[in-house]
Amino acid sequence: MLKLSKCAFSLTVIVVALSGCVSDRHSYPSQNQTADADTVAYFTDTGLSNPVSILQHPAGEHANGVTYITYQGVLEDPYVAFYNHNTKRWSGPIKAGTSEMGKNPSRKIDNHGKPALIIDDLGYIHIAFGGHGGTPELGVNKLGNYNYGKMKHVVSKRPYDITEWEERDNISPFGTYNQWLKMRNGDLYLFYRHGAHQSNWVYQKSTDNGASFGEPVSVMLTKEREDGLGVDSWYGYFSEAGDNTIAFAFNYHRCGNSHSSGSHLGERTNGYYMQLNTNSGEWTNVQGESLTIPLTREAANDKALVLNTDGSDHWTSYSSVHLDEYGYPHIRYSRGPHMGRKHGGPKKPNYYRWNGTDWLIGKDNQLPIGKGDVFVRSAMKIDALLASRTKDKKSLISWWSTDNGGNSFKQGDVVLLSEENGFEVSSFIRNAHPDALMLVAEKAKGTHLRKMYLVGEKGPVVRKRGEAHHASDAMLDRYRVQ
């Protein structure tokens, strides 16, 4: 059995009122907020490897005073839990489905099948999970290539009830990077990449609360480059924005192999934006010009380009995208030299905001290198909740705020701090309660198991110590790092 030292899972939870905290949020006392002897800051210790991410979203939703969340648990299966804000009680986690991945102990944890959750207008909870492109045994993938797993769709048997689930065979099995959106009229959209790297990005739409879905509609086209330097591929983040708009921020992936090592390249470059009017079905760029989908690389470069790194040694990464009160997009794009590494070197973020005429770019080095999400409260006032590292290698989740439209940011309250372990974070919970904004996984050394936190404005939602421990001796043995 794996025996963890006290320091292996050490976590200090703090709230510190720092200068620069914007007045739109509560003013917090300058005090430590540590769990007492009977409670802990995490709600389970059975997250697996990279249990949550920005890309698979939302990781949870708040409804009727209850926050429902999902994460990748043992055997790469989806687990769900909820926190009742009125009774201050946790329930779960409960296994919601069975992934085709994660059952072979000799195979590396895949991490692409992380679950995403949404609640329909009738109160039924939907989870998509388990895919990394699918396999040929599942049929012909006309929109891409294959890899592993099978994307599945499970639904709660009763509204707002996580205890029983049923699987529905009404979405493509070839998906990965599953992202749910629900529009004001109740229509559900499931966006995803339709296969492995060399696959179109698509969506399927349901107008009957997920009972059925239309055929996949391609948004981004994958195709071989004419110069023979690989295959056009993409990564991106979709978000619901207003009554009838879906915003999409994305970057380009030249899928190919390194000429020197022969291994797959992690090259991601440029940054792009476009949006969908769900009433008309029309995709447009930020200037309102109509776009033909699926969008090609050439058309993206001509009509949708925000950040151009072509001709440089810089690679990029994407982030979430949100619109302000004018319907203008706000995006964090990060860039940095690839330094000969498979996935590139450290990438420093800049804040990009459209003002109706131009893309405005914030000052350099105003935001930390890290992951997270932002609240666009107005065109000028933005609060970001980001996971980052300090110079002395401590990991923290803290607020970063601006009142000048992202030109400069100041650090605000620290809501979670780990002396030695890193953090993986989700994007914001849908319709989030102030006490439960984001899911966090603490990456402890020596094990693939993760303690999971539900973090709000003031820090994590605590749980009774006896209720939060779920890792068995067998789990500890299986997921010990060799």
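## A closer look at the pairing of strand β10 (residues 125-132)
Across a regular strand the side chains alternate sides, sitting on one face of the sheet and then on the other. Of all the eight residues making up β10, eight are buried; the element is thus mostly covered by neighbouring parts of the structure. Both strand β9 (residues 116-119) and β10 contribute to a ladder of four bridges, which runs antiparallel. Paired with I119 across the strands is I125, a residue of β10. The pairing of β10 with strand β11 (residues 148-156) spans six bridges and is classified as antiparallel. In the strand pairing of β11, H132 is matched with Y148.

## Focus: the sheet that holds strand β6 (residues 66-72)
If you trace the four strands from one edge of the open sheet to the other, you get β5-β6-β7-β8, paired in antiparallel fashion. Looking at strand neighbours, the two that pair on one side only are β5 (60-63) and β8 (89-95), the edges of this open sheet. Between one strand axis and the next, the sheet turns through 15° on average, direction left out of account. Bridge count between β5 and β6: four bridges; the pairing is antiparallel. In the strand pairing of β6, A63 is matched with V66.

## A look at the pairing of strand β25 (residues 329-337)
With seven of its nine residues buried, β25 lies for the most part within the structure. The sheet contact formed by strand β23 (residues 314-317) and β25 spans four bridges and is antiparallel. Counterpart to W315 in the pairing with β25 is G336. Judged from the three bridges that link them, strand β24 (residues 321-323) and β25 form a sheet pairing that is antiparallel. Within β25, the residue paired with L323 across the bridge is P329. Taking the residues between adjacent antiparallel strands as the criterion, β24 and β25 are bridged by five residues, where G327 takes a positive phi near 80°. Relative to strand β26 (residues 348-354), β25 runs antiparallel, the two sharing six bridges.

## Re the packing of aromatic side chains
Using the criterion set out here, one finds 29 aromatic pairs in the structure. Every member of this aromatic cluster is reached through a ring pair, and the members are Y177, Y189, F191, W201, Y203, W234, Y235, F238, F248, F250, Y252 and Y272. Stacked on the ring of Y148, the Lys or Arg R107 has its end atom at 3.5 Å from the ring centre.

## Side note on the sheet that holds strand β12 (residues 165-168)
In space, the four strands of this open sheet follow the order β9-β10-β11-β12, with antiparallel pairing throughout. Of all strands in the sheet, those bounded by a partner on one side alone are β9 and β12. On average, each strand axis in the sheet is inclined to that of its neighbour by 25°, with strand direction left out of account.

## Focus: the pattern of salt bridges
With the rule as written, the count across this model stands at 25 salt bridges. The closest approach of N and O atoms between E166 and R168, which form a salt bridge, is 3.7 Å. On the accessibility criterion, R168 (25% relative accessible area) is partly exposed. Two residues, K394 and D392, come together in a salt bridge whose shortest N-O distance is 3.9 Å. Since its relative accessible area comes to 26%, K394 is described here as partly exposed. The exposure class assigned to D392 is partly exposed, which follows from its relative accessible area of 49%. In this structure, a network of salt bridges that share partners links the residues K223, D232, R297 and E298.

## Overview of the nonpolar core
In terms of nonpolar packing, the biggest core is built from 34 residues, with Y273, W359, L385, I397, L416 and V440 touching the most fellow members. F191, M220, F238 and I246 belong to the second-largest nonpolar core, a separate cluster that totals 25 residues.

## Digging into the confidence of the model for the protein chain
The share of residues in the protein chain with pLDDT of 70 or more is 91%, and the mean pLDDT across the chain is 91. Confidence drops under a pLDDT of 50 for residues 1-34, and excluding neighbours within four residues, the segment shows 87 contacts in the predicted structure.

## Regarding unusual backbone geometry
With omega at 15°, the peptide bond leading from G92 into P93 counts as cis. Within the secondary structure layout, P93 lies in strand β8. Cis geometry is adopted by the peptide bond preceding P294, which originates at I293 and carries an omega value of 0°. Considering the arrangement of structural elements, one finds P294 in the loop between β21 (290-291) and α1 (297-303). The phi torsion at K88 lies on the positive side, around 65°, for a residue other than glycine. With respect to the helices and strands, the residue K88 is situated in the loop between β7 (78-84) and β8. Positive phi, close to 60°, is recorded for N270, a residue that is not glycine. Residue position: N270 is located in strand β19 (residues 268-277). Note on N270: relative accessible area 1%, which makes it buried.

The rules behind the values
- Residues numbered from 1 in each chain as written.
- Predicted model: local features only at pLDDT ≥ 70, side-chain atom pairs only at ≥ 80, totals over all residues.
- Heavy atoms only, no water.
- Buried < 20%, exposed > 50% of the residue type's maximum accessible area, 1.4 Å probe, protein only.
- Helix = DSSP H or I, 4+ residues; strand = E, 2+ residues; numbered from the N terminus.
- Pairing = 2+ DSSP bridges.
- Axes fitted to C-alpha atoms, helices over the stretch in contact; angles between N-to-C directions.
- Phe/Tyr/Trp six-rings, centres within 6.5 Å; stacked < 30°, edge-to-face > 60°.
- Lys NZ or Arg CZ within 6 Å of the ring centre and 35° of its normal.
- Salt bridge = Lys/Arg side-chain N within 4 Å of Asp/Glu carboxyl O.
- Core = buried A, V, L, I, M, F, W, Y, C linked by side-chain atoms within 4.5 Å.
- pLDDT = per-residue confidence, 0-100.
- Contact = heavy atoms within 4.5 Å.

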